[in-house]
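Architecture and fold: a report
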Amino acid sequence: DMLISRAKEHDVPVIVIGEAHEGCVNIKFDHENGFARIVRHMVCDHKMTRLHFMAGSKGNYFSDQRKEAFRTVLEENGLPFDESMVSYGEFWSDPAIAATEKLIREGNLPQAIICANDKMAIAVCSCLKIHGCRVPEDVAVTGFDGILEVRFATPRITTVVTDFADLATKTAEVMLGCNAAAEETKTYLVPLRICMAQSCGCA
């Protein structure tokens, strides 16, 4: 906020990447719609009705945003949502494995586990396979972020790619047209790309 204030005093335009601030040009990945797309893919394309969301950390902005997108897509398609459909994998491998093992112990495996990031999706797949569950035949799994490791996982993980080249291109376009005198807040959303692979049941 201090940097923004000082820049404004000298008529220097401010471009914020990844967040949104008043009186600035903001450029963000469209995480919410990107995550909703992968949930819709499972519901609409794969016709799945029993889904589980592997969230990140409780109270985390990105995790809560993805949870809300998960809930919204279910409601759009007439599917019920309740908190029993959510586990917390803390965005990391060991907690995601522990949460998956709890689902297995309770005999509560869904048709698909939609993970808030790729790291958890890879861990969930490994845990399911150790317990004799086939991915995607018994349980489909999806990730989010498009990290390099998804390309080498078996099966390869269906994910949503955050393309930093697209972010850089949009930032350059905005910089070329930036007006220091403009005080209004502008926010540009960079779309994300869904990358379908074997873990969701796609060829």
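Further up the page is the structure itself.
Now for a description of the structure that goes with this document. (Residues numbered from 1 in each chain as written. Predicted model: local features only at pLDDT ≥ 70, side-chain atom pairs only at ≥ 80, totals over all residues. Heavy atoms only, no water.)

Notes on the pairing of strand β3 (residues 51–55)
- Along β3, five of the five residues are buried, which leaves the element largely enclosed by surrounding structure.
- Here β3 shows no split at all, with L51, F53 and A55 on one side and H52 and M54 on the other all buried.
- Direction of pairing for β3 relative to strand β5 (residues 112–115): parallel, over a ladder of four bridges. Opposite F53, over in β5, you have I114 as the bridge partner.
- A crossover links β3 with its parallel partner strand β4 (residues 86–88), the connecting element being helix α3 (residues 61–76), and its sense is right-handed. (Buried < 20%, exposed > 50% of the residue type's maximum accessible area, 1.4 Å probe, protein only. Helix = DSSP H or I, 4+ residues; strand = E, 2+ residues; numbered from the N terminus. Pairing = 2+ DSSP bridges. Right-handed = clockwise from strand over helix to strand, strands pointing away.)

Some words on the pairing of strand β2 (residues 25–29)
- The buried fraction of β2 is high, at four of five residues.
- Where strand β1 (residues 15–17) lies against β2, three bridges are found, and the strand directions are parallel. Looking at β2, one finds that I15 is bridged to V25.
- As paired elements, β2 and strand β8 (residues 186–190) share five bridges and run parallel to each other. The residue of β8 that forms the bridge with K28 is L189.

Quick look at the sheet that holds strand β6 (residues 140–142)
- The sheet built from four strands is open, its strands ordered β4-β3-β5-β6 with parallel pairing. The sheet is open, and its two borders are formed by β4 and β6, each paired with just one other strand. Sheet twist, expressed as the mean angle between neighbouring strand axes with direction ignored, is 20°.
- Bridge count between β3 and β4: three bridges; the pairing is parallel. Bridged to F53 within β4 is V86. (Axes fitted to C-alpha atoms, helices over the stretch in contact; angles between N-to-C directions.)

A word on the environment of E76
- Inspection of the secondary structure assignment puts E76 in helix α3.
- Here the alpha-carbon distance between E76 and C127, two residues 51 residues apart in the chain, equals 31 Å.

Topic: helix α4 (residues 93–105)
- Taking 1.5 Å of rise per residue, 13 residues should cover 18 Å, and α4 covers 18 Å from first to last C-alpha, within 8% of that figure.
- Taken residue by residue, α4 has A96, A99, T100 and L103 as its buried positions. An end-on view of α4 places all buried positions within 100° of arc, on one side of the element. Opposite its buried face, α4 presents the exposed residues D94 and R105, each directed more than 90 degrees away.
- Along its buried surface, α4 packs onto β3, β4, β5 and α5 (118–130).
- Directly after α4, the chain includes G107, whose backbone phi takes a positive value near 65°. (Expected span 1.5 Å × (residues − 1). Arc of directions from axis to C-beta. Contact = heavy atoms within 4.5 Å.)

A look at the packing of α4 against α5
- At their nearest, the axes of α4 and α5 sit 8 Å apart, and the two run at 45° to each other. It follows from the interaxial angle that α4 and α5 lie oblique. The handedness of the crossing between α4 and α5 comes out as right-handed. Residues S93, A96, I97, T100, E101 and I104 of α4 form the contact with α5, whose participating residues are K119, M120, A123, V124, C127 and L128.
- Among the residues making up the contact of α4 with α5, the classes are represented as eight nonpolar, two polar and two charged. (Parallel < 35°, antiparallel > 145°, perpendicular 65-115°, else oblique. Left-handed = near helix turned anticlockwise from the far one by under 90°. Nonpolar A, V, L, I, M, F, W, Y, C, P; charged D, E, K, R; others polar.)

Comments concerning the nonpolar core
- Counting 54 residues, the largest nonpolar core has F35, V39, L51, F70 and I114 as the members making the most contacts within it.
- When near neighbours in sequence (up to four residues on either side) are disregarded, F70 contacts F35, V39, L51, H52, F53, F81, M85 and I114. (Core = buried A, V, L, I, M, F, W, Y, C linked by side-chain atoms within 4.5 Å.)

A closer look at the pattern of salt bridges
- Scanning all chains against the criterion turns up eight salt bridges.
- Measuring nitrogen to oxygen at the nearest pair gives 2.9 Å for the salt bridge that ties E83 to K67. Of this pair, E83 sits in the loop between α3 and β4 while K67 sits in helix α3, and the two are 16 residues apart along the sequence.
- Residue classification places K67 among the buried residues on the basis of a relative accessible area of 13%.
- Between K119 and E149 there is a salt bridge whose closest N-O contact spans 3.8 Å. Here K119, found in helix α5, pairs with E149, found in the loop between β6 and β7 (159–161); they are 30 residues apart in sequence, far enough to count as distant. (Salt bridge = Lys/Arg side-chain N within 4 Å of Asp/Glu carboxyl O.)

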